Structures are given as structure tokens and as C-alpha cells.
Amino acid sequence: MSPLLRRKEKKSPAERLVTLVGKPGCHLCDDAQEVVEKICAETGARWEKKDISQDEELYRLYWEQIPVVLVDGEQHTFWRVNPDRLRRAVEG
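Remember, it's a predicted structure, so these values are computed and weren't measured experimentally.

### What to know about the sheet that holds strand S3 (residues 68-71)
On the basis of which strands lie adjacent, the open sheet formed by four strands has the order S2-S1-S3-S4 and mixed pairing. Here the strands that pair on one side only, and so sit at the sheet edges, are strand S2 (46-51) and strand S4 (74-78). Across this sheet, the average inter-strand angle for adjacent strands is 25 degrees, counted without regard to direction. Of the pairings in the sheet, the one linking strand S1 (residues 17-22) to S2 comprises six bridges and is parallel in character.

### Overview of the pattern of salt bridges
Summed over the entire model, instances satisfying the criterion amount to seven salt bridges. Ionic pairing is found between Arg80 and Asp31, a salt bridge with its closest N-O pair at 3.9 Å. Here Arg80 is found in the loop between S4 and helix H3 (83-91), whereas its partner Asp31 is found in helix H1 (residues 27-43), with 49 residues between them in sequence. Look at Asp31 and you get partly exposed, because its relative accessible area is 35%. A salt bridge links Glu42 to Lys38; the shortest N-O distance between them is 3.1 Å. Taken together, the residues span about one helical turn, with Glu42 and Lys38 both in helix H1 at a distance of four residues. For Lys38, a relative accessible area of 47% translates into the label partly exposed. One salt-bridge network, in which partners are shared between bridges, spans Lys11, Arg16 and Asp72.

The rules we used
Residues numbered from 1 in each chain as written. Predicted model: local features only at pLDDT ≥ 70, side-chain atom pairs only at ≥ 80, totals over all residues. Heavy atoms only, no water. Pairing = 2+ DSSP bridges. Helix = DSSP H or I, 4+ residues; strand = E, 2+ residues; numbered from the N terminus. Axes fitted to C-alpha atoms, helices over the stretch in contact; angles between N-to-C directions. Salt bridge = Lys/Arg side-chain N within 4 Å of Asp/Glu carboxyl O. Buried < 20%, exposed > 50% of the residue type's maximum accessible area, 1.4 Å probe, protein only.

So this is what it looks like as C-alpha cells:
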């Protein structure tokens, strides 16, 4: 069967990791963190925050897009975080 047609294994929210990539002093990053914290608290998903100024690879990949939200290592969104969309991604 084609990999495109295979269903991905559904994960519970507790198995998900949401990563917020941003930098200190960024008001959009602060706004994004509020949404990420709220949705992760409500769903039980884990989350982490990474500082783009401390990681060359993240800087190279995302500098013009911060804040960036990753779900399980894959880019979910950037700049503004839609809470409903993030909740759907975390809940699978």
C-alpha cells in the first residue's frame, strides 16, 4: 500500500509534544506561549519552549517565521497560533 494511503498511528494527546520556537522579547512569542500553555493544559499534551537565538539549526530554519509551533517535530504553524487548529492537531 502506498505510504500516502496508510493511516498514521493515532496518538493520544499525552503522547504529543508541542514545541514553541521563539526568542526573548518577542510579543508574538508571548502570545503564542499563552495559547500553547492553555491547549496543552486542557488536553494533557506536553510542551517545551526553545530559544531560536541559542540554536543555529532552529535559527537557520525558522528565523523569519517566529514564533513557530511544532507538533511532534513537524511544523504546525507560525506567527499566530489558532487555538482550535492546535487543539485538533494535538487531539489527532
